[in-house]
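Summary of the model geometry
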Amino acid sequence: MSGGDAVSESKSTDRREWYLASFRGFERSLNGGTASSLHRIRRAAIDCFAETGFPGRRDESWRHTNIAPIVRTSFRDAPDSPPPGLSADQLAPFTYPGLVGTQLVFVDGHFAPSLSSQETALSPHHSGVVVGSMATALKEVPDLVEPHLGHHAPFAEEGFAALNTAFIRDGAFVYLPPGARLDAPVHLLYLSTARCSEDPGHGPGQEGEEAPVTYPRTLIVAEDGACGSVIESYAGLEPSALYLTNAVTEIVLGAETRFEHYKIQRESGGAYHIASLHVTEARGCDFTSHNISLSGRLIRNDITTVLDGEGVDSTLNGLFLASGEEHVDNHTSIEHASPDCVSHEFYKGVLSGHARGVFRGKIHVHQVAQRTDAYQTNQSLLLSDDAEITSKPQLEIYADDVKCSHGSTTGQLDEEAIFYLRTRGLSRDVALGVLTQAFAGEILDLIGCEPVHKRLAELVSAELGATLHSEAPQ
Amino acid sequence: MLRVNNLHAEAEDTQILKGVDLEVNPGEIHAIMGPNGSGKSTLAQILAGHEAYTVTGGEATFEGRDLLDMAPEERARRGIFLAFQYPVEIPGVNTAYFLRTGLNEIRKDRGEDPMDAMDFLGLIREKLALVEMDESFLKRSVNEGFSGGEKKRHEILQLAVLEPRLAILDETDSGLDIDALKIVAKGVNSLHSPDKSTVVVTHYQRLLDYIVPDFVHVLMGGRIVKSGDKDLAHELEQRGYDWIARETATDSVADAVGV
């Protein structure tokens, strides 16, 4: 981070002013679009931010994650139009070969029609399914968007979610009418083109050297009996660029829906990524979240799912890899707000170098939520002496007839297993790779979508291969 | 093939081997017997390269090369195989992948091409039949949830796939019922040939009814105190180990067995 005077002197409150000024500029750019119901929500959100600002370390839920580098940096809006010359070839590494569903690409926060599937007509086609950009959806199908957008993910006392909500401009909207079936997953690719600072001595925060920020916003509504899956990918084109992705996703699931959500996070090595996913599940829902985090300087995921009807079956799976100086914080919260629901949670982390990991898994069983069955497990593998994990299961149970359990383990690879593999001819490095990949593979194997599973297996293998190589002695 | 000369070794500052001598030539089957805690398994693990033990004296060579200088994987590639007393469970690594990866590492070292999945399937089917294991094992994680007998048969399956020059079986008979014991013995015997050698480490004579040794050695107090032919094993079965301790009656042995 730069030692620039203006920046190092700045306090959180000054930063707040900076965002408020930025919001006023944003309002002017809306050219009269400030009368909409969405804009009332934007204003409510910026007011919340004005009041509470960024979370501090005294905030219990942010105690293990230092966001000072984000607060210090002057983030400017990412450019309006994608840099010329961005081609489909450049996107290829961020797609999933064999995946046939609709793909929407967002470059620096803006929908890029030319890079997206051609069949993404926004106006509802005969099946009634809508897949398109948020900006267009707000114009063309406001009746489907406005009842939900900004109404599920809370932003009071959530500084980052408040900013995302205040700056809602574009993102993705997916709507499944009652009983609809998506044949193939929808892929939403949020790509950053931010470049590395050319002169490392003049880091972000210096005049003319600010880092870009985007506020991707995703809303998914599945009506009763619908069935589908959506993949959200976040990635940076430049391996070590600095930028901030501040993303919020709301998923609203009607009764008896079956829905799978994938979040694949591959931001640039210098990037910050703060995201929240909020899921509301009605009676009889079957929901699975796969949250895979592969890179990025500072990553924070807040995942909240509200089991808001009887007989919900909700699963949260996660895998995070962190190396070098990376920091990954996964905060999950399962709200058992109805009786007879089941939740399963399985998170694994692989940490090397000086990486820090945080896992907080809250299970909140409300008083009405009798016969809740909740199981949570978190396992972490530390590949170096300097890597650290903080794992905090948090069970709050107010009903008396519940089955609730959690388990957390942290450790190194089993030396006896390494020896066993070596006696079968595998070198120590190969043995470490096999065992580490087996550890991570347990989460990847829960991914039912084969093109995603295959691509992630390659990416994880490559990432762990590089990690183990750098951890090897000599 | 294998020469062990005056080998001393310790673990966590406890001297376990106190001068072991052993010579195994091609085609020979040796049995190493002895009471619990005599150092049998330690010797087996040291020959395979376990790092928990420190060699404090003596030497070991395999086909003329210094064995103690080699990493475990190098020993495996040169043809030494240890069948584990307690095979390790490895969740998430499927057995077929494990077997093929090991085989291909060894083939690579021999300058042979790696075996692809199809060719390997042909090979493994033949080997599975030898130890009467079902093909479904291939899809399971290595040793995970295997019964005691299945784990031991899986060790012999690995032996059959890797075809080492020297097989060391560490208490492969422990925990096996008589049927499983026969299957294991049949596997070992069918893999034996005039250019291969086998060292059977066991507490009981029972296995040696099926894998008949050319030489039997008694390891006590960290040394081989008596050697003989297969009749020695029968004698041990009838008389136990105490008489050897009295017969050899060296101080160190007497100390070790507490007589």
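Above this note sits the structure.
To keep things clear, this report deals only with the structure shown in the data block. Note that this is a predicted model, so its numbers are computed, not measured.

It is worth spelling out a negative patch on the surface at this point. Taken together, A:D47, A:E51, A:D59, A:E157 and A:E158 make up a surface patch of like negative charges. On the secondary structure map, A:E51 appears in helix 3 (residues 37–52).

At the interface, 33 residues of chain B touch 17 residues of chain A. For the pair chain B and chain A, the two sides together bury roughly 1900 Å², of which 65% comes from carbon and sulfur. At the boundary of chain B and chain A, one finds three salt bridges. Between B:E51 and A:R422 there is a salt bridge, and its shortest N-O distance comes to 3.1 Å.

All names here are of chain B. For helix 6 (residues 178–191), which comprises 14 residues, the first-to-last C-alpha distance of 20 Å matches the rise-based estimate of 20 Å (1.5 Å per residue) to within 8%. Buried residues of helix 6: A180, L181, I183, V184, A185, G187, V188 and L191, and no others. Residues of helix 6 that are buried sit in contact with helix 4 (117–130), helix 5 (148–162), strand 9 (166–170) and strand 10 (197–202). Taking the backbone nitrogen of D179 as reference, a side-chain oxygen 3.2 Å away marks D177 as the first, capping residue of helix 6.

Further remarks concern the sheet that holds strand 3 (residues 110–111) of chain A. Residue and element names in this part refer to chain A. One open sheet holds the ten strands; their spatial order is 3-2-6-9-11-13-15-17-19-21, and the pairing between them is mixed. Each edge of the sheet is formed by a strand with only one pairing partner; in this case those strands are strand 3 and strand 21 (402–411). Two strands pair when backbone bridges link them, and strand 6 (residues 186–192) and strand 9 (residues 227–236) are joined in this way by seven bridges, in the parallel orientation. Residue L191 lies in a different strand from strand 9, and its bridge partner there is A235.

On to the packing of aromatic side chains, then. This structure, assessed with the given rule, holds 20 aromatic pairs over all chains. Taken together, the aromatic side chains of A:W18, A:Y19, A:F49, A:F54, A:W62 and A:F160 make up a single cluster linked through ring pairs. Cation over ring: A:K348 sits above A:F439, and NZ or CZ is 4.0 Å from the ring centre. The cationic tip of B:R239 hangs over the ring face of B:W243; the distance from NZ or CZ to the ring centre is 4.2 Å.

Residues and elements named next belong to chain B. Axis separation between helix 3 (residues 95–109) and helix 5 bottoms out at 10 Å; the angle between their running directions is 35°. In the crossing of helix 3 with helix 5, the sense of the turn from one axis to the other is right-handed. Residue-level inspection shows T95, F98, L99, G102, L103 and I106 of helix 3 in contact with helix 5, the latter providing H154, L157, Q158, V161 and L162. Taken together, the residues of the contact of helix 3 with helix 5 sort by class into seven nonpolar, four polar and no charged.

Residue and element names in this part refer to chain B. Of the two faces of strand 6 (residues 80–83), the one holding I80 and L82 and the one holding F81 and A83 are both buried throughout. Examined bridge by bridge, strand 6 and strand 9 share four bridges and lie parallel to one another. Bridge pairing in strand 9 links F81 to A167.

In this section: the pattern of salt bridges. As enumerated under the stated definition, the model contains 34 salt bridges over all chains in all. A salt bridge links A:K348 to A:E442; the nearest nitrogen and oxygen atoms lie 2.6 Å apart. Placement of the pair is A:K348 in strand 17 (residues 342–351) and A:E442 in helix 10 (residues 428–444), with a sequence separation of 94 residues. A salt bridge links B:E89 to B:K151, with the shortest nitrogen-to-oxygen separation between them at 3.0 Å. Within this pair, whereas B:E89 is found in the loop between strand 6 and strand 7 (90–94), its partner B:K151 is found in helix 5, the two being separated by 62 residues in sequence.

What counts, and at which threshold
- Residues numbered from 1 in each chain as written.
- Chains lettered and ligands numbered in written order.
- Predicted model: local features only at pLDDT ≥ 70, side-chain atom pairs only at ≥ 80, totals over all residues.
- Heavy atoms only, no water.
- Patch = residues over 30% accessible without salt bridge, like charges linked within 9 Å, V, L, I, M, F, W, Y side chains within 5 Å.
- Areas by Shrake-Rupley, 256 points an atom, 1.4 Å probe, with all protein chains shown as cover.
- Salt bridge = Lys/Arg side-chain N within 4 Å of Asp/Glu carboxyl O.
- Lys, Arg positive; Asp, Glu negative; His and termini not counted.
- Charge placed at Lys NZ, Arg CZ, Asp CG, Glu CD.
- Helix = DSSP H or I, 4+ residues; strand = E, 2+ residues; numbered from the N terminus.
- Contact = heavy atoms within 4.5 Å.
- Buried area = accessible area lost by both parts, 1.4 Å probe.
- Expected span 1.5 Å × (residues − 1).
- Buried < 20%, exposed > 50% of the residue type's maximum accessible area, 1.4 Å probe, protein only.
- Polar contact = N/O pair within 3.5 Å; in protein donor to acceptor, adjacent residues only side chain to side chain.
- Pairing = 2+ DSSP bridges.
- Phe/Tyr/Trp six-rings, centres within 6.5 Å; stacked < 30°, edge-to-face > 60°.
- Lys NZ or Arg CZ within 6 Å of the ring centre and 35° of its normal.
- Axes fitted to C-alpha atoms, helices over the stretch in contact; angles between N-to-C directions.
- Left-handed = near helix turned anticlockwise from the far one by under 90°.
- Nonpolar A, V, L, I, M, F, W, Y, C, P; charged D, E, K, R; others polar.

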